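The lines below spell out each chain.
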Amino acid sequence: MGHCRRGFARILTVVAIVALAACSGPGRRVHGIPGAFRDLDPHAWRGVTPAAHPVHGVDVSRWQGAIDWPLVARSGVSFAYLKATEGGDHADPAFQANWHGAGAAGLPRGAYHFYYHCRPADEQARWFIAHAPRAPGALPPVLDIEWSHSPSCPRRPDPASVRASIVAFQGLVGAHFGQRPVIYTTVDFYRDNDLGQLTGEEFWLRSVAGHPSDRFRGQRWTFWQYTGTGVVRGISGPADLNAFAGSETAWSAWRARRSQ
């Protein structure tokens, strides 16, 4: 998550980072990043760092290629979110392999949908429901909603319309899975659409240059995406790394409460 997974620009970004890694080694160990991971383009962390949180996970899509899930499960990763769908007509071709691979490796896993602002919310909800399994023990679904920068959809709805679309998607998907989706979003999208007005929602916040408490003042959060250029054993390309907000005990309690 964190960027639209379609488009030539995304491919160029991944190629450039992989080329950099080939020249400079498999990422650097960084102050503030858990010791099990590295980062190809690290931030100079200060204050409350990602390493202050004990539970970490990844989110992946087709762009990470074939993944060695047993190795990932032994690499300090506690959960995995897998891209299932985008918009109303795109299914991630790696989803089924990732879903079964992560499950077979014993990793708690969930599915996410990337929102496309040029399709109705109810249509996207039905598309996601048609492709993401309803599985006992799976993590709750996730709605990834941000400005996509997609040339096929430059549309930017007004804030009230954005929030209404979120509520519609959440209601349909939550009713199907028995768990309301977690909302993943970025600093600019959250600000532009005043997402703090949403009540009863749980957030996954992207903040790669500071703690969420600094970038999303006053907003409670469950997950924090702190880099999109992480290095994880078992994943060949740059990986999104994420921290859970609480302790290992809190993680177990959250899973018990929020799993399907």
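Residues take numbers from 1 onward in each chain, read along the sequence in its written order. Given that this is a predicted model, residues contribute local features only at a pLDDT of at least 70 and side-chain atom pairs are listed and counted only at 80 or more, while totals for whole chains, interfaces and linings are drawn from all residues. Each side-chain value is derived from all of the structure's non-hydrogen atoms; neither hydrogens nor water enter the calculation.

(A) Geometry of the state of the cysteines. The definition used for a disulfide is geometric: two cysteine sulfur atoms within 2.5 Å. Scanning the model with the defined rule gives one disulfide in all. Put simply, C118 and C153 are joined by a disulfide, and their sulfur atoms are 2.0 Å apart. Taking the torsion about the S-S bond as the criterion, the C118 to C153 disulfide, at about 95°, is right-handed. Of the two residues, C118 is situated in the loop between strand 5 (109–114) and helix 4 (121–131) and C153 in the loop between strand 6 (142–144) and helix 5 (159–177); the sequence distance between them amounts to 35 residues. Taking relative accessible area as the criterion, C118 reaches 34% and is therefore assigned partly exposed. The cut-offs for exposure are 20% and 50% of the maximum accessible area for each residue type, with area from a 1.4 Å probe on protein chains only; residues under the lower value are buried, those over the upper are exposed, and the others partly exposed. Relative accessible area serves as the criterion here: at 3%, C153 is assigned to the buried category. Helical segments are the DSSP runs of H or I of at least four residues, strand segments are the runs of E of at least two, and each set is numbered from the N terminus.

(B) Quick peek at empty space enclosed by the protein. Any residue with an atom within 4 Å of a point lines the site, the site being either a cavity, points on a 1 Å grid over the protein atoms alone where a 1.4 Å probe fits but cannot get out, or a pocket, an open set with protein on both sides within 12 Å along at least 5 of 7 lines. Grid points are joined across faces, edges and corners, and a volume is the space filled by probe spheres set on the points. As enumerated under the stated definition, the model contains one cavity of 30 Å³ or more in all. Of the volumes computed, that of the largest cavity is approximately 40 Å³. If you trace the largest cavity, you find it lined by W99, G110, A111, F128, A132, P133, L139, P141, F177 and Q260. Looking at side-chain class alone, the lining of the largest cavity contains eight nonpolar, two polar and no charged residues. Following the grouping adopted for this structure description, the nonpolar residues are Ala, Val, Leu, Ile, Met, Phe, Trp, Tyr, Cys and Pro, the charged ones are Asp, Glu, Lys and Arg, and the polar ones are all others, Gly among them.

(C) Region of interest: helix 4. Inspection of helix 4 places A121, Q124, A125 and F128 among the buried residues, and these make up the whole buried set. One side of helix 4 carries all its buried residues, which in axial view fall inside an arc of 100°. Across helix 4 from its buried face, at more than 90 degrees, point the exposed residues R126 and A130. Here, residues are in contact when the closest pair of their heavy atoms is within 4.5 Å. Along its buried surface, helix 4 packs onto strand 3 (79–86), strand 5 and helix 5. What the arc describes is the spread of directions from the helix axis to the C-beta atoms.

Keep in mind these values describe shape, not function.
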